[in-house]
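One-letter residues, chain by chain:
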Amino acid sequence: MNTEKKKKIVILGGGESGVGTAILAQKQGFDVFLSDSGRIKDNYRQALQAKGIRWEDGGHTEGEILSADEVVKSPGVPDAAPIVKKLVEQGIPILSELEFAKRFSRGKTICITGSNGKTTTTTLIYYIMKRDGRDVGLAGNIERSFALQVAEGDHDWYVLEISSFQLDNMFDFKADISVLMNITPDHLDRYEFCLQHYIDSKMRIIQNQDSGQSFVYWRQDEHIEEELRKRFEEGYAPQPTPSSKPARRGRPTLCGFVDSDFERLGLQFSQMGQHNKRNALAAYFATKIAGIDETTIRQCLSDFPGVEHRLERVAEKSGVLYINDSKATNVDACRVALQAMEKPTVLIVGGLDKGNDYSAIAPLVRQKCVGLVYLGADNAKLHSAFDKLGLPIVDTNNMRDCVSACQRMAKAGGAVLLSPCCASFDLFHNMEERGEQFKQLVRELR
């Protein structure tokens, strides 16, 4: 009789990532307990109950959690949470979902991170791989969780969008092809408002890679090549958050690209803006390395339908083009959106500020915009940053008033751009809800 005690896995967070991890852990024979400090959504409650997995919400039972052999922390749970601090104090290993799921997957991985452009690039790479007939899953910070897909059948390949929060708790994971789009200030509230900590997090994408794996990156980024030098020559191995461990060194085969490669290669891409040319280049090189035929890649670039909530053309009303860029949750994402605009633009900006420095886009706002509509619970910082530009300004704190103000302000031949620079959590559940409300109200305009 086997009396060996099951290894206990505790999952913090009862969303897509956490519930997928719980299902995979149970399948692999672990003693599983899931805990969420908030309320778990009904569909996830039902999934846990159907599998007979123990769970709680509305708080954490410390005795259950601190008796874990390992803890899988969902990316939305910060290190500042009291229960995470206690886990760190006790030395209990804290992993990300992706780290845990990769233990049980046969699939090769193309892993994409970056401050901006990662969703478009991830979706485009998946689109190309799928069109080529590969057995491929789309996961990470997008779509269904990696862990759940591994539990339900696994794939030969995965295209994973990976956030800095997920990278913080990845230690043994090794990407077959890693892609780093860029590094600009974002989520600094999670990194003690220290840009270097955030940079260190992003650079974890190459950890454990060697010459048998590849690293695709934009060579014109102001940080990446210097960070590679530090890691290759100095063995730099930082720990960006308390629940991280120092990153293991990586020495992948490098595949850097520059903007002019787009024209040099004669590429055509269906999406607007210089930043999207970079996204296309990253996808081009990553899929070439994965063995996709050149003809297939080029055809997919030309007919790619785009990504919802990222420079998404919603409708033209009374000669005004409305564009949904709700996914622009930081200043640099708004910057690249403004650079792509060719019409006089009314810009919708605002939300939950993450330590933003709006001065970086003030010249573009002055150049491209004919008016600003602030959308947030507290717009004081926006007033300080933009009122001095002398543009027409309207304050709003709900989407209906915001869209109405834009309709009054915009003129035929112009555009309205929702590109908020900020997280959505002050007025909306997430950036998707913000974008959906915008689209619905725009379509109702007369």
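We now turn to the structure provided with this report. Not measured: the values here are computed from a predicted model. (Residues numbered from 1 in each chain as written. Predicted model: local features only at pLDDT ≥ 70, side-chain atom pairs only at ≥ 80, totals over all residues. Heavy atoms only, no water.)

Things to note about the sheet that holds strand β6 (residues 108-113)
For step 1, the next point in the chain: What the six strands build is an open sheet, ordered β7-β8-β6-β9-β10-β11; its pairing is parallel. Where the open sheet ends on each side, the last strands, each with one partner, are β7 (136-140) and β11 (253-257). Between one strand and the next, the sheet's axes are offset by a mean angle of 15°, whatever the strand orientation.
For step 2, the next point in the chain: Packing of helix α6 (residues 118-131) onto the sheet brings it into contact with β6, β7 and β8 (157-161), and relative to β8 it is tilted by some 165°. (Pairing = 2+ DSSP bridges. Helix = DSSP H or I, 4+ residues; strand = E, 2+ residues; numbered from the N terminus. Axes fitted to C-alpha atoms, helices over the stretch in contact; angles between N-to-C directions. Contact = heavy atoms within 4.5 Å.)

Focus on unusual backbone geometry
For step 1, the next point in the chain: Despite not being glycine, Glu-143 has its phi angle at roughly 60°, a positive value.
For step 2, the next point in the chain: Summarising the element assignment, Glu-143 is placed in the loop between β7 and α7 (146-152).
For step 3, the next point in the chain: Backbone geometry places Asn-208, a non-glycine residue, at a positive phi of 75°.
For step 4, the next point in the chain: As for its placement among the helices and strands, Asn-208 is situated in the loop between α9 (195-203) and β10 (214-218).

A few points about the pairing of strand β9 (residues 177-180)
Moving residue by residue along a regular strand, the side chains alternate between the two faces of the sheet.
For step 1, the next point in the chain: Judged by which residues are buried, β9 turns out to be covered on both faces: Ile-177 and Val-179 on one side and Ser-178 and Leu-180 on the other are all buried.
For step 2, the next point in the chain: Relative to β10, β9 runs parallel, the two being bridged by four bridges. From the neighbouring strand, Ile-177 faces β10, where its bridge partner is Ser-214.
For step 3, the next point in the chain: Following the chain from β9 across α9 to the adjacent parallel β10, one finds a crossover that is right-handed. (Buried < 20%, exposed > 50% of the residue type's maximum accessible area, 1.4 Å probe, protein only. Right-handed = clockwise from strand over helix to strand, strands pointing away.)

Quick word on the pairing of strand β17 (residues 415-418)
For step 1, the next point in the chain: Residue alternation in β17 divides its side chains into two sets, Ala-415 and Leu-417 and Val-416 and Leu-418, and both sets are buried.
For step 2, the next point in the chain: Of the pairings in the sheet, the one linking strand β13 (residues 320-324) to β17 comprises four bridges and is parallel in character. Looking at β17, one finds that Leu-321 is bridged to Ala-415.
For step 3, the next point in the chain: In the sheet, strand β14 (residues 345-349) pairs with β17 via four bridges, with the strands oriented parallel. Counted as the bridge partner of Ile-348 is Leu-418 from β17.

A closer look at the state of the cysteines
For step 1, the next point in the chain: On inspection of all chains with the given rule, the structure shows zero disulfides.
For step 2, the next point in the chain: Summary of cysteine pairing: Cys-334 is not part of a disulfide, and the nearest cysteine sulfur, belonging to Cys-421, is at 3.6 Å.
For step 3, the next point in the chain: Owing to a relative accessible area of 0%, Cys-334 belongs among the buried residues under this scheme. (Disulfide = S-S within 2.5 Å.)

Focus on α6
For step 1, the next point in the chain: Relative to the 20 Å expected for 14 residues at 1.5 Å per residue, α6 spans 20 Å between its end C-alpha atoms, a close match to the ideal helical length.
For step 2, the next point in the chain: For α6, a buried count of eleven out of 14 residues is recorded, marking the element as mostly surrounded by other parts of the structure.
For step 3, the next point in the chain: Residues Lys-118, Thr-119, Thr-120, Thr-121, Thr-122, Thr-123, Leu-124, Ile-125, Tyr-127, Ile-128 and Met-129 constitute the buried set of α6.
For step 4, the next point in the chain: Against β6, β7, β8, α9, α12 (274-289) and α13 (294-303) lie the buried residues of α6. (Expected span 1.5 Å × (residues − 1).)

A short note on the packing of α12 against α13
For step 1, the next point in the chain: Where α12 meets α13, the closest approach of the two axes is 10 Å, and the angle between their N-to-C directions is 155°. Here α12 is positioned roughly antiparallel relative to α13, judged by the angle of their axes. At the point where α12 passes α13, the crossing takes the right-handed sense. Contacts between α12 and α13 pair Ala-280, Tyr-284, Thr-287 and Lys-288 from the former with Glu-294, Ile-297, Arg-298 and Leu-301 from the latter.
For step 2, the next point in the chain: Tallied by class, residues from the contact of α12 with α13 come to four nonpolar, one polar and three charged. (Parallel < 35°, antiparallel > 145°, perpendicular 65-115°, else oblique. Left-handed = near helix turned anticlockwise from the far one by under 90°. Nonpolar A, V, L, I, M, F, W, Y, C, P; charged D, E, K, R; others polar.)

Some points on the sheet that holds β13
For step 1, the next point in the chain: In spatial order, the strands read β12-β13-β17-β14-β15-β16; together these six strands make up an open sheet with mixed pairing. The open sheet has two edge strands with one neighbour each: β12 (312-317) and β16 (393-396). Between one strand axis and the next, the sheet turns by 20° as a mean value, whatever way the strands run.
For step 2, the next point in the chain: Contacts from helix α18 (residues 431-443) reach β12, β13, β14 and β17 within the one sheet, and its direction differs from that of β12 by about 20°.

Examining the side chain of Ser-96
For step 1, the next point in the chain: Relative to the assigned elements, Ser-96 resides in the loop between β5 (94-95) and α5 (97-102).
For step 2, the next point in the chain: Overall, Ser-96 belongs to the buried group, its relative accessible area being 2%.

A short note on the pattern of salt bridges
For step 1, the next point in the chain: Evaluation of the coordinates by the stated rule reveals 34 salt bridges.
For step 2, the next point in the chain: Linking Asp-303 and Arg-131 is a salt bridge whose minimum nitrogen-to-oxygen distance equals 3.3 Å. With Asp-303 in helix α13 and Arg-131 in helix α6, this residue pair connects regions lying 172 residues apart in the sequence.
For step 3, the next point in the chain: The class of Asp-303 is partly exposed, set by a relative accessible area of 30%.
For step 4, the next point in the chain: Close ionic contact of Glu-227 with Arg-231 constitutes a salt bridge, the shortest N to O distance being 2.5 Å. Residue Glu-227 and its partner Arg-231 are located together in helix α10 (residues 224-234), separated by four residues, close to a single helical turn. Neither residue differs from the other here; Glu-227 and Arg-231 are each classed as buried.
For step 5, the next point in the chain: Linked through salt bridges whose partners overlap, the residues forming this network are Lys-8, Asp-31, Arg-54 and Glu-64. (Salt bridge = Lys/Arg side-chain N within 4 Å of Asp/Glu carboxyl O.)

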